[in-house]
Protein chains: 2
Amino acid sequence: MKIKTLLPVEQLLDHIRTLSGIGDVSVDQIEKYFESREIKKKGYLQEPNNRAAHNFFIVSGCAQMFYVADKGVNQTVQFAIENWWINDSISFQKERSSEFGIQAIEECQVLMISKHNFDKLLNEFPQLEHYFRLVYQIAYGAAMYRLRYQYEYSKEQHYFNFIHHHPEFAQRVPQYLIASYLGLTPEYVSEIRAKNVS
Amino acid sequence: MKIKTLLPVEQLLDHIRTLSGIGDVSVDQIEKYFESREIKKKGYLQEPNNRAAHNFFIVSGCAQMFYVADKGVNQTVQFAIENWWINDSISFQKERSSEFGIQAIEECQVLMISKHNFDKLLNEFPQLEHYFRLVYQIAYGAAMYRLRYQYEYSKEQHYFNFIHHHPEFAQRVPQYLIASYLGLTPEYVSEIRAKNVS
């Protein structure tokens, strides 16, 4: 895959160009703001109940944002794959502790940027505000559609709608995490899958 | 209230200054991009299943974003009061039809801006990208916390948590709309309110 042959910061610049048309920023100019990290499957990009000190750009792999629910069970609230940003974006902005954690579902390569460096980056390259505005505007709009589906669909419709619209997740993410993300039990998902196969 | 004595575009610039520290843009420079509108209670800022042609800044009043659910019932997905932006931000960006409508819950004064003018405004005053990035970054982060509460809380906890954290809505928005926003029936909300008063 072409994506794998790029350096992480080149891949980020590619995404910036594709989404926002900004082409006047180079790897040399911005790489100092980022740290590149490999996180093993099930490892934490951020542990829950810590300061949301970083924003994460997924270079490869798949991660989930979650909180620790009753009985210590992790409840998924968001997934992210290649070219997605993931973090608790309010706690990051306000530099406070987050109730959410972020965990690798597959082995991940990420670019991470601290709040301090994020502010410096955007101060030095204000044209990147356009890119991040689009990232968050679209993410916010998608969250409204997600809330809609959560209200509107039966559990079964919700599951099959998700599988239909996000085959990239359905193939990569374990069933129990998709169930968690949709607010269903793993047993319920097994049941409706079995019913629809037979 | 001081807020009522400002011109709509002055109020927007006040909000821009407060949220993002940007103070080098004047009313004269940006007012041509906006239209000011008064919308009567129950009137539409945007009818459902139309092109999401505008972004709305609420100057005064209160509005809801909703979709038309089964049996023609309006299901609330978002509220907005003074100094909030509201629209279907994906459909607006992609210039396509939106399944959501936007309706005044109280008489509203709004500033509306078309996609064409929004792009021109940000092209002429790129420093405003910083403001809109913050608006959407915070809105997206809040949506993640909202999804969390929807998973985590019992219906009763969900209602009282909302009332506790958003007294400004609880006092202004009719009970049946708060129930809708939380995915509850109005009957259920009446019941738990009665139980907790007695």
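Scoring rules and cut-offs
- Residues numbered from 1 in each chain as written.
- Chains lettered and ligands numbered in written order.
- Predicted model: local features only at pLDDT ≥ 70, side-chain atom pairs only at ≥ 80, totals over all residues.
- Heavy atoms only, no water.
- Helix = DSSP H or I, 4+ residues; strand = E, 2+ residues; numbered from the N terminus.
- Rg over C-alpha atoms; globule rule 2.2 N^0.38 Å.
- Buried < 20%, exposed > 50% of the residue type's maximum accessible area, 1.4 Å probe, protein only.
- Contact = heavy atoms within 4.5 Å.
- Axes fitted to C-alpha atoms, helices over the stretch in contact; angles between N-to-C directions.
- Parallel < 35°, antiparallel > 145°, perpendicular 65-115°, else oblique.
- 1 Å grid on protein atoms, 1.4 Å probe; cavity = no way out; pocket = protein on both sides within 12 Å on 5 of 7 lines; lining within 4 Å.
- Points joined across faces, edges and corners; volume = space filled by probe spheres on them.
- Nonpolar A, V, L, I, M, F, W, Y, C, P; charged D, E, K, R; others polar.
- Phe/Tyr/Trp six-rings, centres within 6.5 Å; stacked < 30°, edge-to-face > 60°.
- Lys NZ or Arg CZ within 6 Å of the ring centre and 35° of its normal.
- Pairing = 2+ DSSP bridges.
- Buried area = accessible area lost by both parts, 1.4 Å probe.
- Salt bridge = Lys/Arg side-chain N within 4 Å of Asp/Glu carboxyl O.
- Polar contact = N/O pair within 3.5 Å; in protein donor to acceptor, adjacent residues only side chain to side chain.
- Least-squares fit on C-alpha atoms with pLDDT ≥ 70 in both.

1. With respect to the overall build of chain A
- Within chain A, the secondary structure is distributed over 10 helices and 8 strands.
- A compact globule built from 198 residues should have a C-alpha radius of gyration of about 16 Å, and chain A, at 18 Å, falls within 12% of that.
- Counting over 198 residues, chain A shows a buried share of 53%.
- Put simply, of all contacts in chain A between residues at least 6 apart along the chain, 69% involve residues at least 24 apart.

2. Notes on the packing of helix 5 (residues 115-124) of chain B against helix 6 (residues 128-152) of chain B
All names here are of chain B.
- Their axes nearest at 8 Å, the elements helix 5 and helix 6 cross at an angle of 125°. The angle between the axes of helix 5 and helix 6 places the two elements in the oblique class. Within the contact between the two elements, helix 5 uses Phe118, Leu121 and Leu122 and helix 6 uses Leu128, Glu129 and Phe132.

3. Topic: empty space enclosed by the protein
Residue and element names in this part refer to chain A.
- On inspection of all chains with the given rule, the structure shows 1 cavity of 30 Å³ or more.
- Size it by volume and the largest cavity reaches roughly 30 Å³.
- Forming the walls of the largest cavity are Leu12, Ile16, Ile30, Phe34, Trp85, Leu121, Leu128 and Phe132.
- At the level of elements, helix 2 (8-20) and helix 6 (128-152) are the ones that each hand at least two residues to the lining of the largest cavity.
- Looking at the lining of the largest cavity residue by residue, the classes come out as 8 nonpolar, no polar and no charged.

4. Points about the packing of aromatic side chains
- Going through the model one piece at a time under the given rule, you end up with 34 aromatic pairs over all chains.
- An angle of 50° between the planes, with centres 5.3 Å apart, marks the rings of B:Phe57 and B:Trp85 as tilted. In this pair, B:Phe57 sits in strand 3 (residues 54-60) while B:Trp85 sits in strand 6 (residues 85-86), placing the two residues 28 residues apart along the sequence. Each member of the pair, B:Phe57 as well as B:Trp85, carries the same accessibility label: buried.
- With a centroid separation of 5.2 Å and 50° between ring planes, the pair formed by B:Phe162 and B:Tyr181 is classed as tilted. Separated by 19 residues along the polypeptide, B:Phe162 in helix 7 (residues 155-165) and B:Tyr181 in helix 9 (residues 175-181) bring together distant segments of the chain. Like B:Phe162, the residue B:Tyr181 is buried in the burial classification.
- Taken together, the ring pairs in this structure connect A:Phe57, A:Trp85, A:Phe92, A:Phe118, A:Tyr131 and A:Phe132 into an aromatic cluster.
- Directly above the ring of B:Tyr67 sits A:Arg148, whose terminal nitrogen or CZ lies 4.1 Å from the centroid.
- The cationic tip of A:Lys155 hangs over the ring face of A:Tyr188; the distance from NZ or CZ to the ring centre is 5.5 Å.

5. A few points about the pairing of strand 3 of chain B
Residues and elements named next belong to chain B.
- Most of strand 3 sits out of view: 6 of its 7 residues are buried.
- Alignment of strand 3 against strand 8 (residues 108-114), held across 6 bridges, turns out to be antiparallel. If you follow Ile58 over to strand 8, its bridge partner there is Val110.
- Pairing of strand 3 with strand 6, which is carried by 2 bridges, proceeds in the antiparallel orientation. Within the sheet, the bridge partner assigned to Phe57 lies in strand 6 and is Trp85.

6. Considerations on the interface of chain A and chain B
- Facing the 42 residues of chain A at the interface are 42 residues of chain B.
- Between chain A and chain B lies a buried interface of about 4000 Å² when both sides are counted; carbon and sulfur atoms form 61% of it.
- In this structure, B:Glu99 engages A:Arg148 in a salt bridge whose closest nitrogen and oxygen atoms are separated by 2.8 Å.
- If you look at where chain A meets chain B, you find 22 residue pairs in polar contact (both at pLDDT 80 or more).
- At the level of elements, strand 4 (63-68), strand 5 (74-80), helix 4 (89-94), helix 5 (115-124), helix 6 and helix 9 (175-181) of chain A are the ones that each hand at least two residues to the side of chain A that touches chain B.
- A breakdown of the residues in the side of chain A that touches chain B according to their chemical character gives 22 nonpolar, 13 polar and 7 charged.

7. Focus: the relation of the copies chain A and chain B
- Mapping chain A onto chain B calls for a screw motion: a turn of 180° about the axis and a shift of 0.0 Å along it, with 0.0 Å RMSD after fitting. Such a turn and shift between the copies fits a two-fold axis.
- Both copies contact each other with a shared surface, as 100% of the interface residues of chain A are interface residues in chain B too.

8. Observations concerning the environment of A:Asn196
Residues and elements named next belong to chain A.
- Looking at where Asn196 falls in the secondary structure, it is placed in helix 10 (residues 186-197).
- Looking at Asn196, the relative accessible area reads 45%, which means it is partly exposed.
- For the pair formed by Asn196 and His164, sequence separation is 32 residues and the distance between their alpha carbons is 14 Å.
- Residue contacts for Asn196: discarding those within four places in its chain leaves Glu156 and Phe160.

9. A look at the environment of B:Glu82
All names here are of chain B.
- In this fold, Glu82 is placed in the loop between strand 5 (74-80) and strand 6.
- The spatial distance from the C-alpha of Glu82 to the C-alpha of Glu31 is 18 Å, given a sequence separation of 51 residues.
- Polar contacts involving the side chain of Glu82 include one to the main-chain amide nitrogen of Gly61, which spans 3.2 Å.

10. Quick look at the sheet that holds strand 3 of chain B
Residue and element names in this part refer to chain B.
- Within the open sheet, the 4 strands sit side by side as 1-8-3-6. Their pairing is antiparallel. Of all strands in the sheet, those with a lone pairing partner are strand 1 (35-39) and strand 6, marking the two edges.
- As judged from the 5 bridges shared by strand 1 and strand 8, these two strands associate in the antiparallel manner. Looking at the pairing, Glu35 lines up with Met112 of strand 8.

11. Things to note about the sheet that holds strand 2 (residues 44-46) of chain A
Residue and element names in this part refer to chain A.
- The strand order across the open sheet built from 4 strands is 2-7-4-5, with neighbouring strands paired in antiparallel fashion. In this open sheet, the two strands that pair with only one neighbour each are strand 2 and strand 5. For this sheet the average axis-to-axis angle between neighbouring strands, irrespective of direction, equals 30°.
- In this structure, strand 4 lies alongside strand 5, joined through 6 bridges in antiparallel fashion. What sits directly across from Phe66, in strand 5, is Thr76.

Without other data, these values stay purely geometric and don't point to any function.
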